[in-house]
Amino acid sequence: MTDRRRFLKASVLGVSASMFAWSNRLAAWPAARLVKGSNARVVSTWDFGIAANQAAWAILGQGGHALDAVEAGAQVPESDLKNHSVGKGGYPDRDGHVTLDASIMDADGNCGAVAALEHIEHPISVARRVMERTPHVLLVGDGALQFALEQGFSKENLLTPEAEQAWHEWQKSAHYQPSINSEVRDYGKGAAGLPGGASNHDTIGMLALDAHGKLAGACTTSGMAWKLHGRVGDSPIIGAGLYVDGEVGGATSTGVGEEVIRNAGSFLVVELMRHGRSPQAACEEAVMRIVKKRPQASKTLQVGFLAMNRAGEVGAYAIQRGFSYAVCDANKQDGLIASPSVYTTNYS
Ligand code: SD4
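Residues numbered from 1 in each chain as written. Predicted model: local features only at pLDDT ≥ 70, side-chain atom pairs only at ≥ 80, totals over all residues. Heavy atoms only, no water.

- Going by an unreviewed UniProt entry, the protein chain carries the name N(4)-(Beta-N-acetylglucosaminyl)-L-asparaginase and comes from Rhodanobacter thiooxydans.

**Focus: the packing of aromatic side chains**
Part 1 of the argument: This structure, assessed with the given rule, holds four aromatic pairs.
Part 2 of the argument: Taking the centre distance of 5.3 Å and the plane angle of 10° together, the rings of W170 and W226 count as stacked. Of this pair, W170 sits in helix α7 (residues 161-173) while W226 is found in the loop between β6 (215-221) and β7 (242-245), placing the two residues 56 residues apart along the sequence.
Part 3 of the argument: Residue classification places W170 among the buried positions, given a relative accessible area of 11%.
Part 4 of the argument: In this structure W226 comes out as buried when scored by relative accessible area, which is 9%.
Part 5 of the argument: Ring pairs connect the aromatic residues Y91, W170 and W226, which therefore count as one cluster. (Phe/Tyr/Trp six-rings, centres within 6.5 Å; stacked < 30°, edge-to-face > 60°. Helix = DSSP H or I, 4+ residues; strand = E, 2+ residues; numbered from the N terminus. Buried < 20%, exposed > 50% of the residue type's maximum accessible area, 1.4 Å probe, protein only.)

**Quick word on the packing of helix α5 (residues 123-133) against helix α6 (residues 141-150)**
Part 1 of the argument: For the pair α5 and α6, the least separation of the axes is 10 Å and the interaxial angle reads 85°. Accordingly, the angle class assigned to the pair α5 and α6 is roughly perpendicular. For the pair formed by α5 and α6, the contact residues are V126, R129 and V130 on the first element and A144, F147 and A148 on the second.
Part 2 of the argument: Grouping the constituent residues of the contact of α5 with α6 by class yields five nonpolar, no polar and one charged. (Axes fitted to C-alpha atoms, helices over the stretch in contact; angles between N-to-C directions. Parallel < 35°, antiparallel > 145°, perpendicular 65-115°, else oblique. Contact = heavy atoms within 4.5 Å. Nonpolar A, V, L, I, M, F, W, Y, C, P; charged D, E, K, R; others polar.)

**Things to note about the nonpolar core**
One broad trend across soluble globular proteins is that nonpolar side chains are buried collectively.
Part 1 of the argument: V42, I104, V126, V269 and F305 are the most contacted members of the largest nonpolar core, which has 79 residues in total.
Part 2 of the argument: The element contributing the most residues to this core is helix α11 (residues 279-293), with six residues.
Part 3 of the argument: Grouped together as the second largest cluster of nonpolar side chains are 11 residues, Y91, L158, L159 and A163 included. (Core = buried A, V, L, I, M, F, W, Y, C linked by side-chain atoms within 4.5 Å.)

**Looking at the sheet that holds β6**
Part 1 of the argument: The strand order β4-β3-β2-β6-β5-β1-β11-β12 describes an open sheet built from eight strands, whose pairing is mixed. Of all strands in the sheet, those with a lone pairing partner are β4 (138-140) and β12 (335-338), marking the two edges. The sheet shows a mean angle of 10° between the axes of neighbouring strands, taken without regard to direction.
Part 2 of the argument: Judged from the six bridges that link them, strand β2 (residues 100-106) and β6 form a sheet pairing that is antiparallel. Looking across to β6, one finds that D101 is bridged to T221. (Pairing = 2+ DSSP bridges.)

Dropping the structure here:
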């Protein structure tokens, strides 16, 4: 063997031996210490994000992965029958169907989504299966249901008696008017201490940064109550309701999805961060883009963005007062913050 070949072999062995020693040391590193010295954090939209964050933190706080954390977190409001805007118990569309939208994305650009999915309690988990087990990104309607059933999810009735009664009440007027900050009515006064409107929407969007420095995001909703059958909002549209880029950060949205789709909202927030904006400044600019394009309509509709960069810095901004977001990390597990907004006056 030449000297050079001997040297190369020795140095490759040296590198792999030291990498092996390091990975052993990392594996032995107590998870709590790994998490403590990191920027691990999870953030979620609205007050119901507190409970979702806690489920996500059960994973992140043990040194687990961001993708597992956001899936587990998103499942919490999906199963909460008191929550009429996400998952089981969600308000139906105009024709009485509960149709669910969800998306999930990791730091490497892997993503999956389902739209207008019926009869499945955890659309976020179906979205993850689309990401991990198909060559596609988005499955819709009957095809999404067929895929879910093939994957072993069980079929069930998602229309609870309470939601059905609300639908019958709505049918008396059959007036479709997206309301602002509906979750406040269902979940008390909210971070901003404001009254809510008639409950007909609000989505959970989650962003997590794990102790390994990896980001992931999830977004899940039953969409706007009383919507036309077949309507799809921003939540399952990658780049609208959710976007994650491991080099930059992630963003998610809530509110009237049509306005978010028109502006590729979450992608816009991430791109603004890529060009140097803080998460806060990026959310503000994306909201103002919507307001400037439709100044009149914006007075009576809500859109909120929540963003976190890869360093774990967080920002949020909304058109209307009343948007809140929950933050959870090693220091505090139940933080709730009132987002700043364009309009600060009370609405009725
Ligand atoms: C949608 N963006 O379907 C969702 C609804 C929502 O707060 O977030 N409401 O348009």
